[in-house]
Every structure is written in structure tokens, then in C-alpha cells.
Amino acid sequence: VPSRGGTGGFRSGSQAYLPGLVYSDLHGWRMQILETLVHETAHNHLYVAEATGPMIDPEHTERYYSPLRHEPRPLSGILLACHALAYICAAIRDASQSGCIDHESSAATLLDLQTRMDVAEATLLEQERHMTAWGRHFFDQTREVCAYGRAAA
């Protein structure tokens, strides 16, 4: 759903209770729109997967550094970030290779996003004992996308 551009910057979102729906401003530049749509779509993918069962032990309440937020987040938030970053990196890599976005202008953005993804992935690897079997399976699949998004474009 396209949002109306406002003065508060670029906005986007998705809701777990509305699977498949994302909203986003569309007044940004091409890579920003791509990044936002992939980010929110990845969130939808995780929300649907979570409907199968919890991915993180519900008793685990510790908070961790987040590569996407200023405040510490629960481990589920780190998984959400890692999953979104993996797909964003993969999409930017593909878009750059296909010529849809300029490779030179996307390189710095991609490197920053890959670094953030690596931080989230490392936290999840260190705390994997707090994941359910379903969460570990989902994280293993996410790590495959991380590896693809990390590969040289």
C-alpha cells in the first residue's frame, strides 16, 4: 500500500496480523524503495513462519544490541533484523548485478547492511541455545540467505 510522503522522512511498515500487506512511501530513490519493500516483505515472511510456533524460548527475556534500533531488543527482534537484512543484502546484490541500481552507489550501502547483518547473525549464533528447534531451523535457512547476500556482487 503506498503511503503519502510526509515531512517525517521515509516511512514503511507491516503487521503480523495482516500477512502479505506492506505499506511504504514511494517518493524515495530506487534503492531506498527496494530496500524498504524487501525489508517489510521479509518481516511478513517471518510473521507467517512464527504462526507455526515460537522461534525463541518464551521464557528468555534478555535484551541484546540491535544493528537496526537504538534500544536493546529481545532475541526475537534480533532474528527479525537478521532475517530482513539477509534478504535486503540479497536483493541489493541481485539488483546491482542486473543493472537495476547503480553498482557503485549501492556498494557502500551494501557494505553497511552486510556489517549490520553480520552483527545480528553473530548475536544469534552466540545465543542459539535460546532458540526452539523451529527457530534454529528457520535461522539455518536465514543463514543461507546471509551467505548469498554477503557474496561479492
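Residues numbered from 1 in each chain as written. Predicted model: local features only at pLDDT ≥ 70, side-chain atom pairs only at ≥ 80, totals over all residues. Heavy atoms only, no water.

Undergrad: Could you give me a rundown of the overall build of the protein chain, with the residues and numbers involved?
TA: Looking only at helices and strands, the protein chain features four helices and five strands. Along the chain direction, N to C, the helices and strands of the protein chain fall in the order β-β-β-α-β-β-α-α-α. Taking 2.2 N^0.38 as the reference for a compact globule, 153 residues should give roughly 15 Å; the C-alpha atoms of the protein chain span a radius of gyration of 16 Å, in line with that estimate. With the C-alpha coordinates aligned to their principal axes, the bounding extent of the protein chain is approximately 45 × 35 × 25 Å. Sorting the 153 residues of the protein chain into buried and exposed places 41% on the buried side. Within the protein chain, contacts between residues separated by at least 24 positions form 60% of all contacts whose residues are at least 6 apart in sequence. Counting every atom, the protein chain has about 8400 Å² of accessible surface; 54% of that belongs to carbon and sulfur. Separation of charge centres in the protein chain, based on 12 positive and 18 negative side chains, amounts to 4 Å. (Helix = DSSP H or I, 4+ residues; strand = E, 2+ residues; numbered from the N terminus. Rg over C-alpha atoms; globule rule 2.2 N^0.38 Å. Buried < 20%, exposed > 50% of the residue type's maximum accessible area, 1.4 Å probe, protein only. Contact = heavy atoms within 4.5 Å. Areas by Shrake-Rupley, 256 points an atom, 1.4 Å probe, with all protein chains shown as cover. Lys, Arg positive; Asp, Glu negative; His and termini not counted. Charge placed at Lys NZ, Arg CZ, Asp CG, Glu CD.)

Undergrad: Give a description of the packing of aromatic side chains that names residues and reports values.
TA: In this structure the tally under the stated criterion is one aromatic pair. Between the NZ or CZ atom of Arg-93 and the centre of the ring of Tyr-148, over which it lies, the distance is 4.0 Å. (Phe/Tyr/Trp six-rings, centres within 6.5 Å; stacked < 30°, edge-to-face > 60°. Lys NZ or Arg CZ within 6 Å of the ring centre and 35° of its normal.)

Undergrad: Can you lay out the pattern of salt bridges for me, pointing to particular residues and giving the numbers?
TA: Scanning the entire structure with this criterion turns up six salt bridges. In this structure, Arg-69 and Glu-71 form a salt bridge, with 3.5 Å as the shortest nitrogen-oxygen distance. Judged by its relative accessible area of 45%, Arg-69 falls in the partly exposed class. With a shortest N-O distance of 2.4 Å, Arg-150 and Glu-121 are connected by a salt bridge. (Salt bridge = Lys/Arg side-chain N within 4 Å of Asp/Glu carboxyl O.)

Undergrad: Explain helix α4 (residues 133-150) to me, using residue names and the numbers behind them.
TA: For the α-helix, the turn length of 3.6 residues means that residues three or four positions removed from each other point alike. Look at α4: 25 Å from first C-alpha to last across 18 residues, which is about the 26 Å you get at 1.5 Å a residue. Those residues of α4 not exposed but buried are Gly-135, Phe-138, Phe-139, Thr-142, Val-145, Cys-146 and Gly-149. The arc enclosing the buried residues of α4, seen along the axis, measures out at 115°, which places them on a common side. For α4, exposure combined with an orientation more than 90 degrees from the buried face picks out Ala-133 and Glu-144. (Expected span 1.5 Å × (residues − 1). Arc of directions from axis to C-beta.)

Undergrad: Before we move on, can you summarise the layout of surface pockets with the specific residues and values?
TA: The volume enclosed by the largest pocket comes to roughly 500 Å³. Elements with a minimum of two residues in the lining of the largest pocket: α1 (30-50) and α2 (75-98). Per-element tally for the lining of the largest pocket: the top contributor is α1, with eight residues. (1 Å grid on protein atoms, 1.4 Å probe; cavity = no way out; pocket = protein on both sides within 12 Å on 5 of 7 lines; lining within 4 Å. Points joined across faces, edges and corners; volume = space filled by probe spheres on them.)

Honestly, it's all geometry; don't read function into it.
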